[in-house]
Amino acid sequence: MSDIEPKPDRRKLGFRVVRAFLFTAAYAVFWFIIWFLTYTFLASFPEYPQLFTTIACGLLFFTFAITLAEDTIYKYILKAIRAFFLIAYLTYATKGGILTLNLENIGFTVEFVPLLALMIVINLLDIARALLQAIEFAAQSPKD
Amino acid sequence: MRLVTRTLGWVIVLLWIVTLALPISVALSLMRLAEGKNLGVQEPTFNFFDGNISVNMPVYINNTGFYDISEPNVAIKIYKVKVNTTIVSLSKSLPSIPAGQMVNTSCSFTASLMEIFHKDRTLLTEDTNLNVNAQLSFKVAYTIAFNASLNFSTRWGAPFHNISCVLAYNDTTHVFSISISFNNHAFFPINGLLVVKLYNSDNIQIGETSIGLDVPSGGNFQETVEVAADPSKITDRGFIRLFFTELNILEMEWTLL
């Protein structure tokens, strides 16, 4: 009997995987909508599809991994890694906060370095929060 | 600890809202500014005075957006297409435009023609194509800076186009008759003294005269001037140099037949 029936932790893992897939799928739909809304406006940037794919795939991976690592300390570690990934991505994608678009004879430049700095600060706060949550999680006894 | 993480969470959410709302509202603000007749440039006026050329362009901006527009600046750079050297670089800062206010100002630039010709003397005698780079930059909400640049090419008309000198020498009176002609292709008139200097083969000056120029834009000039030469210094060949306000516009060799 016990060989045929799945073990409780396996069942739990299966449930987690399904839940992670569902969460990721829902998040993928959100990114799909964002793509449709932004593509027509940002088609002038030749690197936009590649940058969009990178952020969408990266964040979908983290959504899946974080949902899968629910109730474990890895969840907070993954959250901190996600914040690092966002810092690196935002700095690279925005070329340090300076975006340039060159059409035939006209060139446009938008410089938003203070805004990028704010985004980096937010992600650093997110890392700090994830670390505090990890410490809190580790400090809790199984009974708690 | 839980309270700290929860507070941090709320701070992060708030900061993300501010960070995402700012560029969206700035974009909306610029769209409001761009619609209707909130921006206007009146016809520029050109003045030529005392070797300086000045361009004055009245501008009005009605800031209907949500944010102040700060550090507006207009910069113009003119450079030669072939050699890619900057001939003139001009910049003008405009006053800041607070949100909901209208500002009338003028964008005026002054450039010294002498400085321009010192940088490239061929501009005096040769028509050419010049590249112009015009830039407009400003900041919205003191945070996001915008810069728009436009490149176009313009035709430069030389003020002494096709300049030529024909010399004739009278050996009894020791007087050189010099016939000077040129076309003023420039968009400004030429006013000032044209100095004619004669040199012998040892590069020693043998005679000099000057003639007042008043050639309108698009006009032709043709006149003959006489230069009395020092007979003791005359050689079989030499040089003639033409100067306009200390700029050497022509140097050619002459030979006595």
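Going by the structure above, here's the rest.
Reference entry: report on the structure contained in this document. (Residues numbered from 1 in each chain as written. Chains lettered and ligands numbered in written order. Predicted model: local features only at pLDDT ≥ 70, side-chain atom pairs only at ≥ 80, totals over all residues.)

Remarks on the overall build of chain A
For step 1, the next point in the chain: The helix and strand tally for chain A stands at four helices and two strands.
For step 2, the next point in the chain: Counting helices and strands in the order they occur from the N terminus, chain A gives α-α-α-β-β-α.
For step 3, the next point in the chain: Computed over the C-alpha atoms, the radius of gyration of chain A is 20 Å, more than 25% above the 15 Å expected from 2.2 N^0.38 for a compact globule of 144 residues.
For step 4, the next point in the chain: Taken along the three principal axes of its C-alpha coordinates, chain A extends 75 × 35 × 15 Å.
For step 5, the next point in the chain: Looking at chain A as a whole, 14% of its 144 residues qualify as buried.
For step 6, the next point in the chain: Nonlocal contacts in chain A, meaning residues at least 24 apart in sequence, comprise 68% of its contacts between residues at least 6 apart. (Helix = DSSP H or I, 4+ residues; strand = E, 2+ residues; numbered from the N terminus. Rg over C-alpha atoms; globule rule 2.2 N^0.38 Å. Buried ≥ 20, exposed ≤ 12 C-beta atoms within 10 Å, placed from the backbone. Contact = placed C-beta atoms within 7 Å.)

Some words on the pairing of strand β2 (residues 106-111) of chain A
For step 1, the next point in the chain: Of the pairings in the sheet, the one linking strand β1 (residues 98-102) of chain A to β2(A) comprises five bridges and is antiparallel in character. Following the sheet pairing, A:L101 is matched in β2(A) by A:F108.
For step 2, the next point in the chain: Counting the residues that bridge the hairpin from β1(A) to β2(A) gives three residues.
For step 3, the next point in the chain: Taken together, the six bridges between β2(A) and strand β8 (residues 144-156) of chain B define a ladder with antiparallel strand orientation. Note on β8(B): the bridge partner recorded for A:V110 is B:F146. (Pairing = 2+ DSSP bridges.)

With respect to the sheet that holds strand β12 (residues 205-215) of chain B
All names here are of chain B.
For step 1, the next point in the chain: With antiparallel pairing, four strands are arranged side by side in an open sheet as β12-β11-β14-β15. Taken across any chain shown, the strands that pair with only one partner, and hence form the sheet edges, are β12 and β15 (247-255). Taken pair by pair, the neighbouring strands of this sheet meet at an average axis angle of 20°, ignoring direction.
For step 2, the next point in the chain: Examined bridge by bridge, strand β11 (residues 190-200) and β12 share ten bridges and lie antiparallel to one another. Among the inter-strand pairings, V195 is bridged to a residue of β12, identified as S210. (Axes fitted to C-alpha atoms, helices over the stretch in contact; angles between N-to-C directions.)

Regarding the environment of A:L118
For step 1, the next point in the chain: Tracing the backbone through its elements, the reader meets A:L118 in helix α4 (residues 113-139).
For step 2, the next point in the chain: Discounting chain neighbours no more than four positions away, the residues touching A:L118 are B:L15 and B:T19.

What about the pairing of strand β4 (residues 69-80) of chain B?
Residues and elements named next belong to chain B.
For step 1, the next point in the chain: Sheet topology note: the β4/strand β7 (residues 128-140) ladder contains ten bridges and is antiparallel. Along β7, the bridge assignment pairs I69 with V140.
For step 2, the next point in the chain: Sheet analysis places β4 next to strand β5 (residues 86-93), joined by seven bridges and oriented antiparallel. Residue Y79 lies in a different strand from β5, and its bridge partner there is T86.

Considering the packing of α4(A) against helix α1 (residues 2-34) of chain B
For step 1, the next point in the chain: The contact between α4(A) and α1(B) brings their axes to 10 Å, and the two run at 160°. Classified by the angle between their axes, α4(A) and α1(B) sit roughly antiparallel to one another. At the point where α4(A) passes α1(B), the crossing takes the left-handed sense. Side by side, α4(A) and α1(B) meet where A:L115, A:L118, A:M119, A:I122, A:L125, A:D126, A:A128, A:R129, A:L132, A:Q133 and A:E136 of the first sit next to B:R2, B:V4, B:T5, B:L8, B:G9, B:V11, B:I12, B:L15, B:W16, B:T19, B:L22 and B:P23 of the second.
For step 2, the next point in the chain: Among the residues forming the contact of α4(A) with α1(B), the class breakdown is 15 nonpolar, four polar and four charged. (Parallel < 35°, antiparallel > 145°, perpendicular 65-115°, else oblique. Left-handed = near helix turned anticlockwise from the far one by under 90°. Nonpolar A, V, L, I, M, F, W, Y, C, P; charged D, E, K, R; others polar.)

Considering the interface of chain A and chain B
Size of an interface: often given as the accessible area lost when the parts come together.
For step 1, the next point in the chain: Chain A puts 20 residues into the contact, and the matching count from chain B is 23 residues.
For step 2, the next point in the chain: When residues of the side of chain A that touches chain B are traced back to their parent elements, those giving at least two are β2 and α4 of chain A.
For step 3, the next point in the chain: The leading source of residues in the side of chain A that touches chain B is α4(A), at twelve residues.
For step 4, the next point in the chain: Among the residues making up the side of chain A that touches chain B, the classes are represented as twelve nonpolar, four polar and four charged.

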